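# Structure assessment
Listed below, chain by chain, are the residues.
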Amino acid sequence: MPTPLPAPYFVAASSRAASLVGLDVEALAQDDFVSAFTGNTLLPGSEPVSAVYSGHQFGVWAGQLGDGRAILLGDADGPEGRMELQLKGAGKTPYSRMGDGRAVLRSSIREFLCSEAMAALGIPTTRALVVTGSNQRVMRENIETAAVVTRMAPSFVRFGSFEHWHYRDKPEELRVLADYVIDTFYAELRAAANPYKELLAEVTRRTARMIAGWQSVGFMHSVMNTDNMSILGLTIDYGPFGFMEAFDVNHICNHTDQGGRYSYANQVAIGHWNCYALGNALLPLIGTVDEAQEALDAYMPAFEAKLDELLHAKLGLATVQEGDRDLFDGLFSMMQAGHVDFTLLFRRLGELQVEAADTDALLRDLFIDRPAFDEWAGRYRARLRLENSVDAERRAAMNRVNPKYVLRNYLAQQAIEHAQNGDYALVHELLAVLEQPFDEQPGKEHYAALPPDWAAHLEVSCSS
């Protein structure tokens, strides 16, 4: 059962998430909903449960990891199917370890905003319905105040859910969980000769495509432990995440990750590693190592195909030609050398005109080595001419896939600081901007600006 918080209050809610479960977003600010989504009262028909899991943390087997401070309220049907509603930060459960089972306002706002931002970017993710708060004090690095975020997903089962039963040598429980996942979410696999092998293969492909989406927008999860990997291929458990600003493939946005295991450059390999951990857990059901390996071999082809598709779209290329990979690699090499702002570059790239190199000033200004950019731009123009690219049409297509607005850390920090002083207007406004990341949004351009100097000193960690 959730543990009540004193005097809960409404912080923010997502109308888009609410529509997925047939709720009126305006009603979520009412006292009865605030009470229910803080864990102080139960919704009709709710029988709360918590779920144990284990996992590998930073590549090391850590055993039972608890419950993620999460309590499942139940399922809700909506126009796009059934969704689980889960409270994060509503107190201890039988699986809690040393923690207090609470979340804080800071981390809850970050998860709320990023969940909905990622959904608007078209990247598979859990959703965030509502954030509520309380003035109850919670000790982290500093004293903060408690909050609860209500998350939604078709399922919150993780890779670590399977690892838990495997490492405890509980084959029957492992099979029950696998059968539940297959029958509920992958019913088409039941008729396969080896449905457990096909489950691993499909989860592997989904994970690879999800991470290709991360790479394409410069998103860094930063805590890709196996307990933070969704069996549905959803981005789950937003902690010290970040969106790439000054491009550096080795960027680490979690100051706890001193070895850089979860840097931007390593996300692809770590995703594959985590699928191997899942494959190891499922091996008793799959049968042989060779069959598991065949399933895991789906990862890199799925990743490369999806990333290739996304990069062609980001550069406005309607066809696939020999030499395209060299064009992509050349761009990222220049971005690395000059630490070019990721989001700003791809958005401005849509303004390039095939027959007017003299209009490249705003693009060139992003690069330190401008002759190198001129050389690359010449190759890019030649490539566009191969398919008779039309500037206006290409620009419109590129603006549909290259966001103008992402959740930069300094924007999240500003919203958090306002909220900590009782002003939630910036959270609401930022949510509205992030829900339309590809639109120009006149009057909101400041949300697309380069980060201020003080933002360079922001640090995020696993503490929440």
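What you see is a predicted model; the values in this text were computed from it and never measured.

## Considering the overall build of the chain
Across its full length, the chain holds 16 helices and 10 strands. Taken over the C-alpha trace, the chain has a radius of gyration of 23 Å; the compact-globule value for 464 residues is 23 Å, and the two agree within 12%. Taken along its principal axes, the extent of the C-alpha atoms in the chain is 65 × 55 × 45 Å. Per-residue burial over the chain gives 56% buried out of 464 residues. Within the chain, residue pairs in contact and separated by at least 24 positions form 70% of the contacts whose partners lie at least 6 positions apart. For the chain, the accessible surface area stands at approximately 19200 Å², while carbon and sulfur atoms represent 52% of it. A distance of 2 Å separates the average location of the 40 positive side-chain charges in the chain from that of its 61 negative side-chain charges.

## Regarding the packing of helix α5 (residues 171–185) against helix α7 (residues 267–286)
Describing two packed helices takes the angle between their axes plus the distance from one axis to the other. Closest axis-to-axis distance for the α5/α7 pair is 10 Å, and the angle between their directions is 95°. As the angle between them shows, α5 and α7 are arranged roughly perpendicular. Side by side, α5 and α7 meet where L174, R175 and A178 of the first sit next to A281, P284 and L285 of the second. In the contact of α5 with α7, the residues fall into five nonpolar, no polar and one charged.

## So, the packing of helix α3 (residues 105–120) against helix α16 (residues 425–434)
At a minimum axis separation of 9 Å, α3 and α16 run at an interaxial angle of 20°. As the angle between them shows, α3 and α16 are arranged roughly parallel. For the crossing formed where α3 meets α16, the hand is right-handed. Only V427, L430, L431 and L434 of α16 make contact with α3, whose side of the interface consists of I109, F112, L113, E116, A117 and A120. When the residues that make up the contact of α3 with α16 are grouped by side-chain class, the tally is nine nonpolar, no polar and one charged.

## Observations regarding the pairing of strand β5 (residues 81–88)
Most of β5 sits out of view: six of its eight residues are buried. Pairing of strand β4 (residues 70–78) with β5, which is carried by eight bridges, proceeds in the antiparallel orientation. The residue of β5 that forms the bridge with D75 is E84. The antiparallel pairing of β4 with β5 creates a hairpin that spans two residues between the two strands. Sheet analysis places β5 next to strand β8 (residues 143–153), joined by five bridges and oriented antiparallel.

## Regarding the environment of G218
Counting through the fold element by element, G218 comes out in the loop between α6 (195–217) and β9 (219–220). Ignoring anything within four residues of it in the chain, the contact list for G218 reads G242, F243, M244, Y264 and F342.

## Let's talk about α5
In this model, α5 (15 residues) spans 21 Å end to end at C-alpha, consistent with the 21 Å of a helix rising 1.5 Å per residue. When α5 is considered as a whole, its buried residues turn out to be L174, L177, A178, D179, V181, I182 and F185.

## Concerning the state of the cysteines
For the structure shown, the criterion picks out zero disulfides. With no disulfide of its own, C114 lies 10 Å from the sulfur of C253, the closest cysteine sulfur.

## Some words on the packing of aromatic side chains
Counted by the stated rule, this structure contains 18 aromatic pairs. The interplanar angle of 90° and the centroid separation of 5.9 Å between the aromatic rings of Y180 and F185 together place this pair among those described as edge-to-face. Ring geometry for F247 and F342: centres 6.0 Å apart, planes at 35°, overall tilted. Linking F247 in the loop between β10 (242–243) and α7 with F342 in helix α11 (residues 342–349), this pair joins segments that are 95 residues apart in sequence.

## Let's talk about helix α10 (residues 324–338)
Under the 1.5 Å per step criterion, the end-to-end length of α10 is 22 Å for 15 residues, consistent within 8% with the ideal 21 Å. Listing the buried residues of α10 in full gives D324, L327, F328, G330, L331, F332, M334, M335 and G338.

## Digging into the nonpolar core
By size, the foremost hydrophobic cluster in this structure holds 118 residues, and its most contacted members are L113, F162, L315, L331, W376 and Y380. Here this core takes 11 residues from α6, the largest share from any one element. Ignoring any residue separated from it by four or fewer positions in sequence, one finds F162 in contact with V157, L174, L177, A178, V181, I231, L278, A281 and L282. The next biggest cluster of nonpolar side chains, apart from the first, holds 24 residues, and it includes A13, A27, F33 and V138.

## A few points about the side chain of S222
Within the secondary structure layout, S222 lies in the loop between β9 and β10. Within polar-contact distance, the side chain of S222 engages the backbone oxygen of P240 at 3.2 Å.

## Here's the deal with the pattern of salt bridges
Scanning the model with the defined rule gives 30 salt bridges in all. Two residues, K88 and E111, come together in a salt bridge whose shortest N-O distance is 2.8 Å. One end of the pair, K88, is in strand β5; the other, E111, is in helix α3, and 23 residues separate them in sequence. Judged by relative accessible area, which is 9%, K88 ranks as buried. Classification of E111 as buried rests on a relative accessible area of 2%. As a salt-bridge pair, R127 and E116 come within 2.7 Å of each other at their nearest N and O atoms. Taken together, the positions of R127 in strand β7 (residues 127–139) and E116 in helix α3 put the pair 11 residues apart, joining distant regions of the chain. Both residues of the pair, R127 and E116, count as buried.

Cut-offs used in this document
Residues numbered from 1 in each chain as written. Predicted model: local features only at pLDDT ≥ 70, side-chain atom pairs only at ≥ 80, totals over all residues. Heavy atoms only, no water. Helix = DSSP H or I, 4+ residues; strand = E, 2+ residues; numbered from the N terminus. Rg over C-alpha atoms; globule rule 2.2 N^0.38 Å. Buried < 20%, exposed > 50% of the residue type's maximum accessible area, 1.4 Å probe, protein only. Contact = heavy atoms within 4.5 Å. Areas by Shrake-Rupley, 256 points an atom, 1.4 Å probe, with all protein chains shown as cover. Lys, Arg positive; Asp, Glu negative; His and termini not counted. Charge placed at Lys NZ, Arg CZ, Asp CG, Glu CD. Axes fitted to C-alpha atoms, helices over the stretch in contact; angles between N-to-C directions. Parallel < 35°, antiparallel > 145°, perpendicular 65-115°, else oblique. Nonpolar A, V, L, I, M, F, W, Y, C, P; charged D, E, K, R; others polar. Left-handed = near helix turned anticlockwise from the far one by under 90°. Pairing = 2+ DSSP bridges. Expected span 1.5 Å × (residues − 1). Disulfide = S-S within 2.5 Å. Phe/Tyr/Trp six-rings, centres within 6.5 Å; stacked < 30°, edge-to-face > 60°. Core = buried A, V, L, I, M, F, W, Y, C linked by side-chain atoms within 4.5 Å. Polar contact = N/O pair within 3.5 Å; in protein donor to acceptor, adjacent residues only side chain to side chain. Salt bridge = Lys/Arg side-chain N within 4 Å of Asp/Glu carboxyl O.

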